[in-house]
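# Examination of the molecular architecture
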Amino acid sequence: MSAPAIGGVQVPRGNGDVLRLPRGASLSDFAEKINAEPASLVTVLFHLGEMVTATQSVNEETLQLLGVELNYTIQVVSPEDEDRELLESFDLTFGEDEGEDEHLVARPPVVTVMGHVDHGKTRLLDAIRKTNVMGDEAGGITQHIGAYQVHVEHDGLDRAITFIDTPGHEAFTAMRARGAATTDIVVLVVAADDGVMPQTIEALNHAHAAEVPIVVAVNKIDKEDANPAKVRQQLTEYGLVAEEYGGDTLFVDVSARSNINIDGLLEGVLLTADAALDLRANPDQDAQGIVIEARLDRGRGPVASLLVQRGTLNVGDSVVAGDAFGRVRAMLDENGDPVDVAGPSRPVQVLGLTSVPGAGDSFLVVEEDRIARQIADRRSARERNAQLASSRRRISLDDLDKALAAGEVQDLNLIIKGDVSGSVEALEDALLAIDIGEDKDEVSLRVISRGVGAITENDINLAIASDAVVIGFNVRPEGKAREAADREGVDIRYYTVIYQAIEEIEAALKGMLKPEFEEVQLGTAEVREVFRVPRIGNIAGSMVRTGLIRRNSKARLVRDGTVVADNLTVESLKRFKDDATEVREGFECGIGLGSYNDIKIDDVVETYELREKPRA
Ligand code: GDP
């Protein structure tokens, strides 16, 4: 099997044998499959014109190139396929209901609320939750478990609707990116006094991309300047045509604050679900679903909110959720009440996992703890590899080596800690999506670590080691972490709103690019008299006409509208006999322009500063 030497190295060649490699594999992984030295593959690739190291994750093209060269058929296995194979090896599948059509039973729709910031998403979710609190319990304490269910009477039947309690498309899309299709219907909130805004369109695009039907909640109709008809008209441009205009989208006028027509909105959700979707699941199988969010609770350990998609979850079940596993010790609903069984579309908070899974991870019930543990272990090993391969997100790989050599590459390393895994992931995704613009060769953004819980000394140590900034999303440093950060000068940034974090980091990133300067005019002064001062030179006795004249600022001299000298400096500035740092409009002063002496009466001294220009 030994090959003719390529570039002086011996590499075993295939006979078109199939090699299955995970996405993001390195040359070492390749070498291991064919029993070769990784270094020899580095050499082979070098001769094919590509410089990569043995452990660096390479793209599919490179793997294919190497495959062709060495006569192997390369199959790159996606993480999804890999996971499917992993489950199959335990005789399990995820995502399909077991049994036949007759085993399927109607299930409640799962709804996500999206829309532009401040249009009332949060308020609406609150209002909906409250409509459902019966009688005496009104205003009762509900807990945030990432989702809640409400019951409404519809056509004489008690119908449930599940609302995902994290509004906005960031979380929605972060989940979808992980293959978790949890949402059946999107409620698009548009404030009637504000109309369609950029994030309205974004949300709409995300919903369309996910092929999820939309119900439009035209909110704030209690406001005087509310114009619900305009919202309808604006949205027709984006393909959402209201029923009353002959389309098939339901628009429901509501006020989240004044509690107007919340019932009508719920009705609209059910009508849309019944008309557009066939929501059914098999309740009589081992439960499967999605982790909505998860966090580490000091007292209770890992707490995960699970949305059951099919089957029924019971206390005592063995579950594997992403790379976490455990046995369901207790289940709680959104009111903090214990639950014994949870059927399709039911969100429950589950205690008993041994670690914190990620938002958007799938969960499934398996026969015994041992299987759950094995699947979880295999997944975490894979996750570690994948993270190593992808944690470096280079904004442009082109000319990277040159840029490195020239010292042009700068990294912004980040460590993200948050209260729930959903927000950590949403934040990470959003940050990695920041468009750094034209100068993208110059900066690369790396999230070197992320996790749920307080900022620990460990995080600070990592930050020190890799020169990282720590992002705390709704979390604070614990114990000695703050001290250590202060001592070592580690920058910790706290945020409670994803949007804000993105904005600031984007600005920081842009600031890291080479600064651009722009000229800002400070003021002008008219020369009234020229004084000759021995050993110093000419001083312009002037009257400040606009703005101010500041010592040490840049200056130019204008004569009859023409610049006669530029790039001068206000080297001395006096009010009468005294030195002044600045002199304002309407006052007289003496200006010395250093060694520049060609100053005439009626000249204008224009002063300016160079300021760093904020990047657009
Ligand atoms: P979100 O950013 O979309 O989650 O918006 P919020 O739910 O935080 O609401 C933004 C602001 O609009 C808050 O001050 C709310 O009190 C207000 N608001 C929300 N719904 C209504 C409404 O129906 N009528 C009026 N007048 N104000 C509302």
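In case you missed it, the structure is sitting above this.
Note that the structure is predicted; figures quoted are calculated from it, not measured.

## Some remarks on empty space enclosed by the protein
According to the stated counting rule, one finds one cavity of 30 Å³ or more in the structure shown. Lining of the largest cavity is provided by His144, Glu293, Ala294, Arg295, Val303, Ala304, Ser305, Gln349 and Val420. By residue class, the composition of the lining of the largest cavity is four nonpolar, three polar and two charged.

## Some remarks on the packing of aromatic side chains
Within this structure, the stated rule accounts for two aromatic pairs. Ring centres 6.3 Å apart and planes at 80° place the aromatic pair Phe30 and Tyr72 in the edge-to-face group. Of the two residues, Phe30 sits in helix H1 (residues 27-34) while Tyr72 sits in strand S2 (residues 72-77), which places them 42 residues apart along the sequence. Residue Tyr72 is classed as buried on the basis of its relative accessible area of 9%. Judged by centre distance (5.8 Å) and plane angle (25°), the rings of Tyr148 and Phe163 are stacked. Taken as a pair, Tyr148 in strand S5 (residues 147-154) and Phe163 in strand S6 (residues 157-164) lie far apart in primary sequence, 15 residues in all. Comparing Tyr148 with Phe163 shows no difference in burial state: the two are buried. Seen from the ring of Phe94, Arg310 lies directly overhead, with NZ or CZ sitting 5.5 Å from the centre.

## Here's the deal with the layout of surface pockets
If a probe as big as a water molecule is rolled over the atoms, it shows which places are left empty. Volume-wise, the second largest pocket comes out at about 970 Å³. For the second largest pocket, the lining is made up of 42 residues, of which Thr166, Pro167, Gly168, Glu170 and Ile498 are closest to its centre. Elements with a minimum of two residues in the lining of the second largest pocket: strand S4 (110-115), helix H5 (121-131), helix H6 (169-177), strand S11 (288-297), helix H12 (421-432) and helix H15 (498-512). Partitioned by chemical class, the residues of the lining of the second largest pocket number 16 nonpolar, 15 polar and eleven charged.

## Considerations on the sheet that holds strand S14 (residues 318-321)
Hydrogen bonds along the backbone pair up the strands of a sheet, which may run parallel or antiparallel. Reading around the barrel, the six strands line up as S11-S12-S17-S15-S14-S18 and close back on themselves, with antiparallel pairing between neighbours. If you compare each strand with its neighbour and ignore which way they point, the axes differ by 45° on average. With four bridges joining them, S14 and strand S15 (residues 324-332) adopt antiparallel strand pairing. Bridged to Ser318 within S15 is Arg327.

## Considerations on the pattern of salt bridges
Throughout the structure, instances matching the rule amount to 32 salt bridges. Note that Arg232 is salt-bridged to Asp253, the shortest N-O span being 3.1 Å. In this pair, Arg232 sits in helix H8 (residues 228-236) while Asp253 sits in strand S9 (residues 250-253), placing the two residues 21 residues apart along the sequence. On the basis of relative accessible area, Arg232 is assigned to the buried category, the value being 7%. The shortest N-O distance in the salt bridge between Asp579 and Lys574 comes to 3.3 Å. Within the structure, one salt-bridge network assembled from shared partners comprises Glu526, Arg528, Arg545 and Glu588.

## A short note on the site of the ligand
Every one of the 15 residues lining the ligand counts as a neighbour, but Asp118, Lys121, Thr122, Arg123 and Asp222 are closest to it. At a separation of 2.7 Å, a nitrogen atom of the ligand approaches a polar side-chain atom of Asp222. Between the ligand and Arg257 there is a distance of 3.2 Å, counted from an oxygen atom to a backbone nitrogen or oxygen. Starting from 580 Å² of accessible surface for the ligand in isolation, the protein chains cover 81%. For the shell around the ligand, the element with the most residues is H5, which contributes three residues. The class makeup of the residues in the shell around the ligand is two nonpolar, six polar and seven charged.

## Here we look at the sheet that holds strand S8 (residues 214-219)
Here we have six strands laid out as an open sheet, ordered S5-S6-S4-S7-S8-S9, and mixed in their pairing. What marks the edges here is a single partner per strand, and that holds for S5 and S9. Neighbour to neighbour, the strand axes of the sheet diverge by 30° on average, direction disregarded. Here five bridges tie S4 to strand S7 (residues 185-191), and the two strands are oriented parallel to one another. Residue Met114 lies in a different strand from S7, and its bridge partner there is Leu188. The strands touched by H5 are S4, S5, S6, S7 and S8; relative to S5, the strand with the most contacts, the crossing angle is about 55°. Docked against the sheet, H8 engages S7, S8 and S9, running at close to 160° with respect to S9.

## A word on the nonpolar core
One finds Leu124, Ile128, Ile161, Phe163, Val187 and Leu265 to be the most contacted residues of the largest nonpolar core, which totals 27 residues. At the level of secondary structure, the elements contributing two or more residues to this core comprise S4, H5, S5, S6, S7, S8, S9 and helix H9 (262-276). Sort the elements by how many residues they give to this core and H9 lands first, with six residues. When near neighbours in sequence (up to four residues on either side) are disregarded, Leu124 contacts Val187, Val189, Ala217, Val254, Ala256, Ile262 and Leu265. By size, the runner-up hydrophobic cluster in this structure holds 20 residues, among which are Val196, Leu204, Ile214 and Val216.

Procedures and definitions
- Residues numbered from 1 in each chain as written.
- Predicted model: local features only at pLDDT ≥ 70, side-chain atom pairs only at ≥ 80, totals over all residues.
- Heavy atoms only, no water.
- 1 Å grid on protein atoms, 1.4 Å probe; cavity = no way out; pocket = protein on both sides within 12 Å on 5 of 7 lines; lining within 4 Å.
- Points joined across faces, edges and corners; volume = space filled by probe spheres on them.
- Nonpolar A, V, L, I, M, F, W, Y, C, P; charged D, E, K, R; others polar.
- Phe/Tyr/Trp six-rings, centres within 6.5 Å; stacked < 30°, edge-to-face > 60°.
- Helix = DSSP H or I, 4+ residues; strand = E, 2+ residues; numbered from the N terminus.
- Buried < 20%, exposed > 50% of the residue type's maximum accessible area, 1.4 Å probe, protein only.
- Lys NZ or Arg CZ within 6 Å of the ring centre and 35° of its normal.
- Pairing = 2+ DSSP bridges.
- Axes fitted to C-alpha atoms, helices over the stretch in contact; angles between N-to-C directions.
- Salt bridge = Lys/Arg side-chain N within 4 Å of Asp/Glu carboxyl O.
- Near = heavy atom within 4 Å.
- Polar contact = N/O pair within 3.5 Å; in protein donor to acceptor, adjacent residues only side chain to side chain.
- Areas by Shrake-Rupley, 256 points an atom, 1.4 Å probe, with all protein chains shown as cover.
- Contact = heavy atoms within 4.5 Å.
- Core = buried A, V, L, I, M, F, W, Y, C linked by side-chain atoms within 4.5 Å.

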